[in-house]
Amino acid sequence: MPFKPRVFSGMQPTGNLHLGNYLGALQRWVEMQNTHECIYCIVDMHAITVWQNPAELRQAIRDVAAAYIAAGLDTKKSIIFNQSQVPVHAELGWIFSCVARLGWLDRMTQFKEKAGKDKERASVGLYAYPALMAADILAYQATHVPVGEDQKQHLELTRDIAQKFNNDYADGIRAAGIADGLFFPMPEPVIQGPATRVMSLRDGSKKMSKSDASDNSRINMIDDADTIGKKIQKAKTDPEPLPSEEAGLDPRPEADNLVGIYAAMADTTKADVLAQFGGGQFSTFKKALAELAVAKISPITSEMRRLTADPAEIDRILADGSRRAAAISQPIMDQVKDIVGFIRS
């Protein structure tokens, strides 16, 4: 069964989106909408695997939608919607929970990291959400998924679930007229660019995160120019000048992170950044980095604020995206129900 090239990805509406979200995901999403059919989701069902204040969650969903659009996603080219408005995600998520094996979920490192030592008090949703993530992707028979390195394991699980479904229901799939027995594709990860994993400004060994207690560890997409400049000036570095060769960054995680951020925002390579700034002091480089960050982020921040001032318009965009998403996923879900053996009205 030849699958139409289709991109799916999403972000949780928890906390402020930051520079890592933009450079590691949004920037690539904008590029891919010019070459692929793209579906970009706000995964609000994943968000409630840990408790969320309902009013704050509603606002966060709109904020993330605004960030998608402000970053350059075109609502005519791409489908933008929030997950909970399309019931297929939950329906297919349950079926995949029955296809996936406990041993597969036991190996998921993100659950271990998020649940910590108190895993007995973690929600079932937090444990099982990789099956819902697989449903998010495969509900659209997506072939490509732009993900960060930290989500690669979950995409491998998605492939395992797709393969097991294809194997378990091979007879039903062939009975549906699909001769090769492949109902779900094996989606490919799209991991590329100089900043696929943006690290904390305070600790180059840790990923930049919404949940970090220190706001100085990240540049939020809603930060103003002064705040961005101050955070970059305070970013942790080491006393040595910047190296002239890329190999010199290997033992220096903070330097490597800042150079990678500059390269991603300037659409260049780390080698080119070091050709310009290598041998110089961090003070000079940080000033240039701050100017570049402000120039890149400030227009997005301004557009986000304009969009969030009109929540009704954002809701309209999400409702339209949900209808378009359902138009793709519902026929696929109908086939899944037939293959599994459910009776449909």
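Reading guide: rules and limits
Residues numbered from 1 in each chain as written. Predicted model: local features only at pLDDT ≥ 70, side-chain atom pairs only at ≥ 80, totals over all residues. Heavy atoms only, no water. Helix = DSSP H or I, 4+ residues; strand = E, 2+ residues; numbered from the N terminus. Buried < 20%, exposed > 50% of the residue type's maximum accessible area, 1.4 Å probe, protein only. Contact = heavy atoms within 4.5 Å. Areas by Shrake-Rupley, 256 points an atom, 1.4 Å probe, with all protein chains shown as cover. Lys, Arg positive; Asp, Glu negative; His and termini not counted. Charge placed at Lys NZ, Arg CZ, Asp CG, Glu CD. 1 Å grid on protein atoms, 1.4 Å probe; cavity = no way out; pocket = protein on both sides within 12 Å on 5 of 7 lines; lining within 4 Å. Points joined across faces, edges and corners; volume = space filled by probe spheres on them. Axes fitted to C-alpha atoms, helices over the stretch in contact; angles between N-to-C directions. Parallel < 35°, antiparallel > 145°, perpendicular 65-115°, else oblique. Nonpolar A, V, L, I, M, F, W, Y, C, P; charged D, E, K, R; others polar. Salt bridge = Lys/Arg side-chain N within 4 Å of Asp/Glu carboxyl O. Expected span 1.5 Å × (residues − 1). Left-handed = near helix turned anticlockwise from the far one by under 90°.

1. As for the overall build of the chain
Here's step 1: Check the secondary structure of the chain and you find 14 helices and 5 strands.
Here's step 2: The buried share of the chain, taken over its 345 residues, is 49%.
Here's step 3: Sequence-distant contacts, at least 24 apart, represent 76% of the contacts inside the chain between residues at least 6 apart.
Here's step 4: Carbon and sulfur atoms form 51% of the exposed surface of the chain, whose accessible area is close to 16,000 Å².
Here's step 5: The distance from the centre of the 40 positive side-chain charges to the centre of the 43 negative ones in the chain is 3 Å.

2. Section: the layout of surface pockets
Here's step 1: Put simply, the largest pocket is a space of about 1,400 Å³.
Here's step 2: Around the largest pocket, the lining is made up of 44 residues, and of these Gln110, Lys114, Asp150, Gln151 and Lys207 lie nearest the centre.
Here's step 3: Of all the secondary-structure elements, those providing two or more residues to the lining of the largest pocket are strand S1 (6-11), helix H1 (19-32), helix H6 (109-115), helix H7 (124-138) and strand S4 (144-146).
Here's step 4: Counting residues per element, the lining of the largest pocket draws most heavily on H1, which supplies 6 residues.

3. Considerations on the packing of helix H4 (residues 88-99) against helix H8 (residues 152-168)
Here's step 1: One can describe the packing of H4 onto H8 by two numbers: an axis separation of 10 Å at closest approach and a directional angle of 80°. By the angle class used here, H4 and H8 are roughly perpendicular. Side by side, H4 and H8 meet where Ile95, Phe96 and Val99 of the first sit next to Ile161, Lys164 and Phe165 of the second.
Here's step 2: Taken together, the residues of the contact of H4 with H8 sort by class into 5 nonpolar, no polar and 1 charged.

4. Some details on the environment of Pro87
Here's step 1: Within the secondary structure, Pro87 sits in the loop between strand S3 (78-82) and H4.
Here's step 2: Taking the C-alpha atoms as reference points, Pro87 and Arg324, 237 residues apart in sequence, are found 13 Å from one another.

5. So, the pattern of salt bridges
Here's step 1: All told, the structure shown has 18 salt bridges when counted by the stated rule.
Here's step 2: In this structure, the salt-bridge partner of Asp215 is Arg218, at a minimum N-O distance of 3.5 Å.
Here's step 3: Residue classification places Asp215 among the partly exposed residues on the basis of a relative accessible area of 36%.
Here's step 4: Judged by its relative accessible area of 9%, Arg218 is buried.
Here's step 5: Between Asp320 and Arg323 there is a salt bridge; the shortest N-O distance is 4.0 Å. On the criterion of helical spacing, the pair formed by Asp320 and Arg323 is a turn pair, its members being 3 residues apart in helix H14 (residues 311-340).
Here's step 6: Exposure remark for Arg323: the relative accessible area of 55% places this residue in the exposed category.

6. Details of helix H13 (residues 282-308)
Each α-helix winds once per 3.6 residues, and so residues spaced three or four apart point in a common direction.
Here's step 1: Here H13 contains 27 residues, and its C-alpha end-to-end distance of 37 Å stays within 8% of the 39 Å for a straight helix at 1.5 Å per residue.
Here's step 2: Within H13 the residues assigned to the buried category are Phe282, Phe285, Lys286, Ala288, Leu289, Ala290, Ala293, Ile297, Ile300, Thr301, Met304 and Leu307.

7. Thoughts on the packing of helix H3 (residues 54-71) against H13
Here's step 1: Close contact between H3 and H13 brings their axes to 8 Å; oriented N to C, the two are set at 135°. Put simply, H3 runs oblique to H13. When the axes of H3 and H13 are compared, the crossing they make is right-handed. Contacts between H3 and H13 pair Asp63, Ala66, Ala67, Ile69, Ala70 and Ala71 from the former with Ile300, Glu303, Met304, Leu307 and Thr308 from the latter.

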